[in-house]
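# Secondary and tertiary structure notes
Each chain, letter by letter, is given below.
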Amino acid sequence: TSGAPACPASRLWDTMLLQVQDRKGKTLVADGLKFHTYKGAPTVNDLMQSYWAISKRTDPTRQRWTLPLQEGQKKATVLASGKKLSDYGIKDGDTLIFKDLGPQIGYATVFFWEYFGPMVIFPLMYLCREVVYGVAFQPQPIQTYATIFWFAHYAKRILETWFVHNFSHGTMPIANLFRNCGYYWTFAAWCGYFVCHPKYTAVGQTQQYVGLALGVAMELSNLYCHLILANLRKPGVTGYQIPRGFLFDFPGITCANYFAEIMAWFGFNIATQSVAGYTFMVCGGGQMVEWAIAKHKRLRRQFDGKEGREKYPRRWIIMPPFL
């Protein structure tokens, strides 16, 4: 056949050399990190694979790459897996900052164990009450309802981890497993011990039913919000999207899933009235507020209405009418 002569294969490949330092400025690769990339398209993945080849133990899940911190910059730019190096303006000979994140563990594994513990611990206080408290007694109806609610909440979370959530990162540091389990398991034991106690004093029946009704409604709302978030991106679409529908649009909340979860625990505490339960709600809610503020800022920054980008709608962050 006729046509232009085929290019030698070597012309399709480039060699790139980058200097690698840690955050203190120490050189980590004496002669620089040299790797071959397909012409015009070196990626962060290429960089990670090449560093793994020479370091042996730091596989890509342990690697965190950033651009050098510039004057006046508070937070370094993190290189995202799948992006091209040219997206960050990185050229041959530039310097990058490397951090070893340490041994990693899958998100789904961490979530399973941090939820499995409380799903079991609280009901054990109820089912093994004679062993736990050293006395036989007939539990009050609200103690039974609270145990069912608690178990169902964490069973729902495990099922969502397996079948609903899409994780933007595949792994996290293994130390998070012990931190997260310590948090959830400790609160489960504390809440379960006092709510299932033989001397527990229940609130009125009307208050119990109102609290449980609110809790169940908000648990279902939380699930629906998670389903909306799980289906935000169409096949092949990456990047952040603006959530639409349900509580995201009315009353208009950026993190409607967090709002629903906080309100679910508020309902649980209206029905059960324990210091441990309210403390758990405040601690968890505080963390969710922090995450929600960061997400709200990120979405407003990305969808700024400039250069053809969509304008992020005016919304509450997490807790109308306060925040």
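That block above? That's the structure.
The rules behind each value
Residues numbered from 1 in each chain as written. Predicted model: local features only at pLDDT ≥ 70, side-chain atom pairs only at ≥ 80, totals over all residues. Heavy atoms only, no water. Helix = DSSP H or I, 4+ residues; strand = E, 2+ residues; numbered from the N terminus. Buried < 20%, exposed > 50% of the residue type's maximum accessible area, 1.4 Å probe, protein only. 1 Å grid on protein atoms, 1.4 Å probe; cavity = no way out; pocket = protein on both sides within 12 Å on 5 of 7 lines; lining within 4 Å. Points joined across faces, edges and corners; volume = space filled by probe spheres on them. Nonpolar A, V, L, I, M, F, W, Y, C, P; charged D, E, K, R; others polar. Salt bridge = Lys/Arg side-chain N within 4 Å of Asp/Glu carboxyl O. Core = buried A, V, L, I, M, F, W, Y, C linked by side-chain atoms within 4.5 Å. Contact = heavy atoms within 4.5 Å.

## Section: the environment of Leu232
Structurally, the position occupied by Leu232 is in the loop between helix 6 (205-230) and helix 7 (256-272). Overall, the relative accessible area of 24% leaves Leu232 in the partly exposed class. For the pair formed by Leu232 and Arg244, sequence separation is 12 residues and the distance between their alpha carbons is 8.4 Å.

## Notes on the layout of surface pockets
Over the atoms rolls a probe the size of a water molecule, and its path tells where empty space is left. Its volume calculated, the second largest pocket comes out at about 270 Å³. Looking at the second largest pocket, the residues that line it are His296, Arg300, Phe303, Asp304, Lys311, Tyr312, Pro313, Arg314, Arg315, Trp316, Ile317 and Leu323. For the lining of the second largest pocket, the class distribution of residues is six nonpolar, one polar and five charged.

## Digging into the pattern of salt bridges
Pairs may arise between side chains of opposite charge once their charged atoms sit close together. Applying the stated criterion across every chain yields a total of 10 salt bridges. Between Arg309 and Asp304 there is a salt bridge whose closest N-O contact spans 2.9 Å. The partly exposed category is assigned to Asp304, whose relative accessible area is 21%. Through salt bridges that share partners, Arg57, Arg62 and Asp100 make up one connected network.

## Some details on the nonpolar core
Grouped together as the largest cluster of nonpolar side chains are 31 residues, with contacts concentrated most on Phe122, Trp150, Tyr154, Trp265, Phe268 and Phe280. Of the residues forming this core, the biggest block, nine residues, is contributed by helix 2 (residues 107-127). Sequence-distant contacts of Tyr154, that is, excluding residues within four places in its chain, are made with Tyr115, Pro118, Met119, Tyr184, Trp265 and Phe280. Membership of the second largest hydrophobic core comes to 19 residues, among which are Cys225, Phe259, Ile262 and Ile318.

## Regarding the environment of Ala260
Take Ala260: it is sitting in helix 7. With a relative accessible area of 0%, Ala260 lands in the buried category. C-alpha of Ala260 to C-alpha of Gly215: the two residues are 45 residues apart in sequence and 9.0 Å apart in space. The contact partners of Ala260, leaving out residues within four places of it in the chain, are Met218, Ser221 and Asn222.

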